[in-house]
Amino acid sequence: MSTQVRNNDFTIRIANVNGTGSASANTLLMKAFFRMGIPVAGKNYFPSNIQGLPTWYEIRVSDEGYICRSGRVDIMVAMNAQTYQKDLAAVSPGGYLLYDSTWPRDKQLAREDISVFGVPLSRMCNERFTRARERVLMKNIAYVGVLAALLDIDVEAVKTLLRESYGAKPQLLDGNQLAFDLGYDYAREHFPCPLPIRARAAGKTAGHIMVDGNTTAAMGALFAGATVVGWYPITPSTSVIDSFKSMAERWRRDPQTGRQAVAIVQAEDELAAIGMVLGAGWNGARAFTSTSGPGISLMSEFLGYGYFTEIPAVLINVQRCGPSTGMPTRTQQGDILACAYASHGDTRHVLLFPANPEEAFYLTAEAFNLAERLQTPVMVLTDLDIGMNDWMCPELKWDAAYQPDRGKVMSAEQLEKIEKFHRYLDVDGDGIPWRSLPGVHPKGAYFTRGSGHNRWGTYTEDAAEYRDLVDRLLKKWETARTLVPPALIDHAGQHRVGIVSVGTCDGAVHEARDRLAATGMHANYLRVRAFPFGSEVREFLDAHERIYVVEQNRDAQLRSLLLIETGVEQDKLVPVLHYDGMPVSADDIIKGINQDVLKGKAA
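Conventions adopted
- Here the residue numbering is sequential within each chain, running from 1 through the sequence in written order.
- Local features in a predicted model are, by the rule used here, given only for residues with pLDDT of at least 70; side-chain atom pairs are given and counted only at 80 or more, and totals for whole chains, interfaces and linings are based on all residues.
- With hydrogens and water stripped out, all remaining heavy atoms of the structure feed into the side-chain values.
- A run of DSSP states H or I qualifies as a helix once it reaches four residues; a run of E qualifies as a strand once it reaches two. Both are numbered from the N-terminal end.
- Burial here depends on accessible area, computed with a 1.4 Å probe over protein chains only, as a share of the maximum for the residue type. Under 20% is buried, over 50% is exposed, and the range in between is partly exposed.
- Marked domain ranges trace back to an automatic or database domain assignment.
- Points on a 1 Å grid over protein atoms alone make up a cavity when a 1.4 Å probe fits among them but cannot get out, and a pocket when they form an open set with protein on both sides within 12 Å along at least five of seven lines; lining residues each have an atom within 4 Å of a point.
- Grid points are joined across faces, edges and corners, and a volume is the space filled by probe spheres set on the points.
- Any carboxyl oxygen of Asp or Glu that lies within 4 Å of a side-chain nitrogen of Lys or Arg is treated as forming a salt bridge with it.
- Residue contacts are counted whenever heavy atoms from the two residues lie within 4.5 Å of one another.
- Distance and chemistry together define a polar contact, namely a pair of N or O atoms within 3.5 Å, with one atom able to donate a hydrogen and the other to accept it when in protein, and with adjacent residues in sequence counting only for side-chain atoms on both sides.

Draft legend 1. A look at unusual backbone geometry. In this model, threonine 235 is joined to proline 236 through a cis peptide bond whose omega is 5 degrees. Following the sequence through the fold, proline 236 ends up in the loop between β10 (228-231) and α8 (238-251). Residue proline 532 follows phenylalanine 531 across a cis peptide bond; omega there is 15 degrees. At serine 343, a residue that is not glycine, the phi angle is positive and equals roughly 90 degrees. Checked against the element boundaries, serine 343 lands in the loop between α11 (336-340) and β14 (350-352). Exposure remark for serine 343: the relative accessible area of 17% places this residue in the buried category.

Draft legend 2. Local environment of the domain arrangement of the protein chain. Taken domain by domain, the protein chain consists of domain 1 (6-205), domain 2 (211-394), domain 3 (412-483) and domain 4 (488-602). Between the C-alpha centres of domain 3 and domain 4 the distance comes to 40 Å.

Draft legend 3. Structural detail: empty space enclosed by the protein. This model, assessed by the stated rule, comprises six cavities of 30 Å³ or more. Here the largest cavity is characterised by a volume of approximately 70 Å³. Lining the largest cavity, in full, are Tyr307, Arg348, Val350, Leu374, Thr376, Leu473, Lys476, Trp477 and Ala480. The element that contributes the greatest number of residues to the lining of the largest cavity is helix α15 (residues 463-483), accounting for four residues. The two domains that each donate at least three residues to the lining of the largest cavity are domain 2 (211-394) and domain 3 (412-483).

Draft legend 4. Structural view of the pattern of salt bridges. Enumeration over the complete set of coordinates arrives at 39 salt bridges. The residue aspartate 405 makes a salt bridge to arginine 373 at a minimum N-O spacing of 3.4 Å. One end of the pair, aspartate 405, is in the loop between β16 (391-394) and α14 (412-417); the other, arginine 373, is in helix α12 (residues 357-374), with 32 residues separating them in the sequence. A relative accessible area of 33% places arginine 373 in the partly exposed class.

Draft legend 5. Just the side chain of asparagine 176, in detail. Relative to the assigned elements, asparagine 176 resides in helix α6 (residues 170-190). With near-sequence residues (within four places) excluded, asparagine 176 lies in contact with Met138, Ile141, Leu162 and Tyr166.

Draft legend 6. Geometry of the environment of glutamine 333. Relative to the helices and strands, glutamine 333 is located in the loop between β13 (313-319) and α11. Accessibility expressed as a relative area gives 3% for glutamine 333, which makes it buried. When the C-alpha positions of glutamine 333 and tyrosine 84 are compared, they lie 31 Å apart, and in sequence the two are 249 residues distant. When near neighbours in sequence (up to four residues on either side) are disregarded, glutamine 333 contacts Gln319, Asp383, Val502, Gly503, Thr504, Cys505, Glu551, Gln552, Asn553 and Gln557. Separated by 3.0 Å, the side chain of glutamine 333 and the backbone oxygen of valine 502 make a polar contact.

This is the structure:
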């Protein structure tokens, strides 16, 4: 094994069984690195069904601040006998495997190119703890102690975290500290500590927090002033509403009565949920829902209604693997086209694409302004990786002087002054009509219909009047192009090659570009943040001869959207696809690009 010391550059994967309480121990370990000032990210790979199935938690420690999946395993903590063979095979050459040696392992399950450490975790905990559940839970804290010794983790950082978590419960605190010490002391006595891969205080996490994207999306909705939620539970978006509810109970109460000032209604299904949101938006409330792919399928009819009747609404779609039920606890970007053109007929929806929990906060808040300015449903497309995993992000900031942009809403005074109100008349030439809210003034009354209607708001099946309406909606779409967040562009220089990506591909693209640049291959980079695309997207596509479109789905949906909406030459756009349900890594991107380069050389 190599004896060269490598600081703050390794990946730990912990294999366990769902329902054994390992989440607290794994989070404790991740937070210890964060407290040491080391950039870190945690990813949870868990089953979608019952307790007792395999689960993995992966912690990447990166002095360079890379936050994507590394594609390697330097240390495997193999706590699940059922997956031991698979976990053993996953360890990178020169890596380390830690297992519970209370029970002997098959001699055939060995590798000469890695180091294996056996620790009798169960036996140690059985001897020191009496209750059955306690023995199971403390076994997890004990392996944290082993890793602390092997990696030279700051023990005081761990114990401070334990005191913060269990300080009010002395018995729990004492038990956790004992379990940690059991593992730590055993490793120091039996193994060469520390290993050549080590954690070193870095001072690089100041001004940052550890958070998941479902929490920050909920915060964005709360800060933007959302007061109505219609929803139906679905993995992996349920915790968006759980977080919103928890924060609203604390921060959204009437100061006079103490009553909660938000309405959160669990509907009978997703179609009803989006119907509630549209009804609230029609009444003037800021309303939203959260869902995932199967929910988008069910909501499509009402999304078309919202588009055609021009009602503001916000939908947070935490994407998962499809089609059908698919893999509910795996990540993907498979809903791009379904959301862009949701519903039948000529329909286009505004989409926002956060790349991390920080952007999930800001873009969710922005979605409410866009929905009301444009009078249309706006969808925020995150994914399970953003939504349910642990990310290191800059501290979130909010302007205390923030005022919601309600768009073109006529007041009672304005309605009183006009001769007649016409709901769908384009007065200002931007495709966006003025709207009124129910009960404000009799002149503002109109019939909201999903059937054919003309610019005056009355029913029609006249061909010219129908075309006049949908052409105005297209003009509004062009206005939207100027209002949505522009794509982010990083020009490395005057290069012929470009990379385009979306959402959580961003971290892997940044790492892949750095590694490719080290080999002499340089590429400029554009990350799409919204649909419709701004003019900068077409300009970037025109400026490059070869463009790699990186996304996490099988059918190259972002590439298809670019081809449909920009008319760019098809052969310029080379798909680099990752769609197995695991978050994309830099290795995946480099492999895809290199395959195309080799193909070009062969040709």
